[in-house]
Amino acid sequence: MSADEVAKAFVQHFYQTFDANPEGLAGLYSPQSMLTFEGNQVQGVEQIMGKLRAIGPVKHDIKSMDVQPSNNPNALVIFVTGSIKIGGDNPLHFCEMFQLVSTGPGAYYVHNDVFRLNYGL
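Quick caveat, the model's predicted, so the values are computed rather than measured.

Novice: Please explain the overall build of the protein chain as it appears in this structure.
Specialist: The secondary structure content of the protein chain amounts to two helices and six strands. The linear arrangement of helices and strands in the protein chain, starting from the amino end, is α-β-β-α-β-β-β-β. Taking 121 residues into account, the globule formula puts the C-alpha radius of gyration at 14 Å, and the protein chain, at 14 Å, falls close to it. Overall, the C-alpha framework of the protein chain stretches about 40 × 30 × 25 Å when taken along its three principal axes. The burial tally for the protein chain puts 36% of its 121 residues in the buried class.

Next up, the structure:
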């Protein structure tokens, strides 16, 4: 699969899973994974899942996705923009960056995940 194909498949899977069953995201992270959510950093599967659970029910609407190869030939950087409804409230704009690292042919985990709400757009 090309980098674009991997990124599109990942983004679709990540946000559909987040919206329907956030617990299903645990397998995408590893003990080395780090999430920075609105400036707060957590590391490891349990801490990341705790943060994602704390957000509550969400619905994402993806607007754009860009992908680049990383400095490691087995890694990709993905940048996503869109809107998110948290608990049924009005949608807020967000951006999120992922670095995926390959664990084998066609298999990746999220090494880095950085999320920010975009206010005043």
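Novice: Hey, could you run me through the layout of surface pockets in this one?
Specialist: Empty space among the atoms becomes apparent when a probe as large as a water molecule is rolled across them. In this structure, the largest pocket occupies an estimated 180 Å³ of space. What lines the largest pocket is simply Met1, Val6, Ala9, Phe10, His13, Leu28, Leu100, Gly106, Ala107, Tyr108, Tyr109 and Val110. Counting only elements with at least two residues in the lining of the largest pocket, the list comes to helix H1 (3-20) and strand E6 (107-118). Residues belonging to the lining of the largest pocket are distributed by class as follows: ten nonpolar, two polar and no charged.

Novice: Help me out: how do you make sense of the pattern of salt bridges in this one?
Specialist: Two side chains that carry opposite charge are able to pair once their charged atoms sit near each other. Inspection of every chain in the model, using the stated rule, returns three salt bridges. Across the pair Glu23 and Arg53 runs a salt bridge, and its minimum N-O distance is 2.5 Å. Residue Glu23 is located in the loop between H1 and strand E1 (29-37), and its partner Arg53 is located in helix H2 (residues 45-55); the two are separated by 30 residues in the primary sequence. The salt bridge involving Asp61 is made with Lys63; its shortest N-O contact spans 2.8 Å. Its relative accessible area of 56% is what places Lys63 among the exposed residues.

Novice: Would you take a moment to explain the nonpolar core for this structure?
Specialist: Grouped burial of nonpolar side chains is what soluble globular proteins tend to show. If you look at the biggest cluster of nonpolar residues, it comprises 28 residues, and the most contacted ones within it are Phe10, Phe14, Leu25, Tyr29, Leu52, Ile78 and Phe98. Residue assignment for this core shows that the elements contributing at least two residues are H1, E1, H2, strand E3 (58-69), strand E4 (75-86), strand E5 (92-104) and E6.

Novice: What am I meant to see in empty space enclosed by the protein here?
Specialist: Under the defined criterion, the tally for this structure stands at one cavity of 30 Å³ or more. By volume, the largest cavity amounts to about 70 Å³. Every residue lining the largest cavity is counted, 13 residues in all, and those nearest its centre are Phe18, Phe37, Leu52, Ile55 and Phe115. Going through the elements one at a time, H1, E1, H2, E4 and E6 are the ones with two or more residues in the lining of the largest cavity. Looking at the lining of the largest cavity residue by residue, the classes come out as ten nonpolar, one polar and two charged.

Novice: What exactly am I supposed to notice about the packing of aromatic side chains here?
Specialist: How two aromatic rings sit relative to each other is set out by the distance from centre to centre and by the angle between their planes. Applying the stated criterion across every chain, the model contains nine aromatic pairs. Aromatic pair Phe14 and Tyr15: ring centres 5.0 Å apart, planes at 80°, arrangement edge-to-face. On the accessibility criterion, Tyr15 (3% relative accessible area) is buried. Site record: aromatic cluster; members linked through ring pairs are Phe10, Phe14, Tyr15, Phe18, Phe37, Phe94, Phe98 and Phe115.

Calculation notes
- Residues numbered from 1 in each chain as written.
- Predicted model: local features only at pLDDT ≥ 70, side-chain atom pairs only at ≥ 80, totals over all residues.
- Heavy atoms only, no water.
- Helix = DSSP H or I, 4+ residues; strand = E, 2+ residues; numbered from the N terminus.
- Rg over C-alpha atoms; globule rule 2.2 N^0.38 Å.
- Buried < 20%, exposed > 50% of the residue type's maximum accessible area, 1.4 Å probe, protein only.
- 1 Å grid on protein atoms, 1.4 Å probe; cavity = no way out; pocket = protein on both sides within 12 Å on 5 of 7 lines; lining within 4 Å.
- Points joined across faces, edges and corners; volume = space filled by probe spheres on them.
- Nonpolar A, V, L, I, M, F, W, Y, C, P; charged D, E, K, R; others polar.
- Salt bridge = Lys/Arg side-chain N within 4 Å of Asp/Glu carboxyl O.
- Core = buried A, V, L, I, M, F, W, Y, C linked by side-chain atoms within 4.5 Å.
- Phe/Tyr/Trp six-rings, centres within 6.5 Å; stacked < 30°, edge-to-face > 60°.

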